[in-house]
Amino acid sequence: MKVAILKYNAGNVQSVRYALQRLGIDPILTDNAEELKSADKVIFPGVGEAKSAMDYLKARQLDQLIKDLKQPTLGVCLGLQLMCKHSEERDTDCLGIFDVNVKKFESETLKVPHMGWNNIHDLKTPLYDGISNDDYVYYVHSYFAELCENTIAVTDYVNPYSASLHKDNFYAAQFHPEKSGDVGQKIIENFLTKI
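Small disclaimer: the values here were computed from a predicted structure and weren't measured. (Residues numbered from 1 in each chain as written. Predicted model: local features only at pLDDT ≥ 70, side-chain atom pairs only at ≥ 80, totals over all residues. Heavy atoms only, no water.)

### Quick notes on the overall build of the protein
Phase 1 of the analysis: Within the protein one finds 6 helices and 13 strands.
Phase 2 of the analysis: Taken over C-alpha atoms, the radius of gyration comes to 15 Å for the protein, in line with the 16 Å a tight globule of 195 residues would show.
Phase 3 of the analysis: Seen along its three principal axes, the alpha-carbon backbone of the protein occupies a region of about 45 × 35 × 30 Å.
Phase 4 of the analysis: Looking at the protein as a whole, 54% of its 195 residues are labelled buried.
Phase 5 of the analysis: A sequence separation of at least 24 residues applies to 69% of the contacts in the protein between residues at least 6 apart. (Helix = DSSP H or I, 4+ residues; strand = E, 2+ residues; numbered from the N terminus. Rg over C-alpha atoms; globule rule 2.2 N^0.38 Å. Buried < 20%, exposed > 50% of the residue type's maximum accessible area, 1.4 Å probe, protein only. Contact = heavy atoms within 4.5 Å.)

Spelled out as structure tokens, the structure:
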């Protein structure tokens, strides 16, 4: 199986690569259009800031390429946010794959960013086969996608929000499956084998 990790100016690429290698997959890291289009699966990772990431994608025509992908594609963390319509982070228009907006957490009692372990529930699609309601995953984020018709997992922090999204061949997780222990490893394995 050929798995491509989208290369752009966002972090967490190495931890995604290691998670795949633990499952026997040696992924390619690329921003080459032909390599991305010919991959069996694509992972769109991300740690960083929405505006600069979108500027980078647009400058290299990767924004249109991502939207045109036909194979299963998994966005992670910032990857999920960039697949949404708009982010409040520096008032950024994003890819619009998911028709939902990304908002900033506002709380006087809870810490922002939301950092650490939290549970997921209301799980849908084979991405979550073998995962139990209220299993824990690892988060680091200050912005969240609102609940919508594409929500396939929910986490509660400040308010309920989309822990995970799905539409057509596109899947996304706000949490970091590559840093979420056995639960995250199972989610990545499901993406590789069941999606």
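### Overview of the pattern of salt bridges
Phase 1 of the analysis: Counted under the stated rule, the structure contains 6 salt bridges.
Phase 2 of the analysis: Two residues, Glu88 and Lys103, come together in a salt bridge whose shortest N-O distance is 3.8 Å. Placement of Glu88 in the loop between strand E5 (86-87) and strand E6 (92-93) and of Lys103 in strand E7 (residues 101-104) is noted, with a sequence separation of 15 residues between them. (Salt bridge = Lys/Arg side-chain N within 4 Å of Asp/Glu carboxyl O.)

### Remarks on the packing of helix H1 (residues 13-22) against helix H6 (residues 181-194)
Phase 1 of the analysis: Two elements in contact, H1 and H6, have axes whose closest approach is 10 Å; the angle formed by their N-to-C orientations is 75°. Taken as axis vectors, H1 and H6 run roughly perpendicular relative to one another. Residues Ala19, Leu20 and Arg22 of H1 form the contact with H6, whose participating residues are Gln185, Ile188 and Leu192.
Phase 2 of the analysis: The class makeup of the residues in the contact of H1 with H6 is 4 nonpolar, 1 polar and 1 charged. (Axes fitted to C-alpha atoms, helices over the stretch in contact; angles between N-to-C directions. Parallel < 35°, antiparallel > 145°, perpendicular 65-115°, else oblique. Nonpolar A, V, L, I, M, F, W, Y, C, P; charged D, E, K, R; others polar.)

### Remarks on the packing of aromatic side chains
Phase 1 of the analysis: Scanning the model with the defined rule gives 8 aromatic pairs in all.
Phase 2 of the analysis: Ring geometry for Tyr139 and Tyr161: centres 6.0 Å apart, planes at 75°, overall edge-to-face. One end of the pair, Tyr139, is in strand E9 (residues 136-141); the other, Tyr161, is in strand E12 (residues 159-167), and 22 residues separate them in sequence. One exposure class covers both Tyr139 and Tyr161, and it is buried.
Phase 3 of the analysis: Of the aromatic side chains, those joined through ring pairs into one cluster are Phe105, Tyr139, Phe144, Tyr157, Tyr161 and Phe175.
Phase 4 of the analysis: The ring of Phe191 carries the charged tip of Lys41 above its face, separated from the ring centre by 5.3 Å.
Phase 5 of the analysis: Geometry around Tyr56 places Arg60 over its ring, the cationic atom sitting 3.5 Å from the centre. (Phe/Tyr/Trp six-rings, centres within 6.5 Å; stacked < 30°, edge-to-face > 60°. Lys NZ or Arg CZ within 6 Å of the ring centre and 35° of its normal.)

### Section: the environment of Pro177
Phase 1 of the analysis: Mapping Pro177 onto the fold places it in the loop between strand E13 (170-173) and H6.
Phase 2 of the analysis: Sequence separation between Pro177 and Tyr143 is 34 residues; the distance between their C-alpha atoms is 17 Å.
Phase 3 of the analysis: Not counting the four nearest positions on each side in its chain, Pro177 is found in contact with Val76, Gly184, Gln185 and Ile188.

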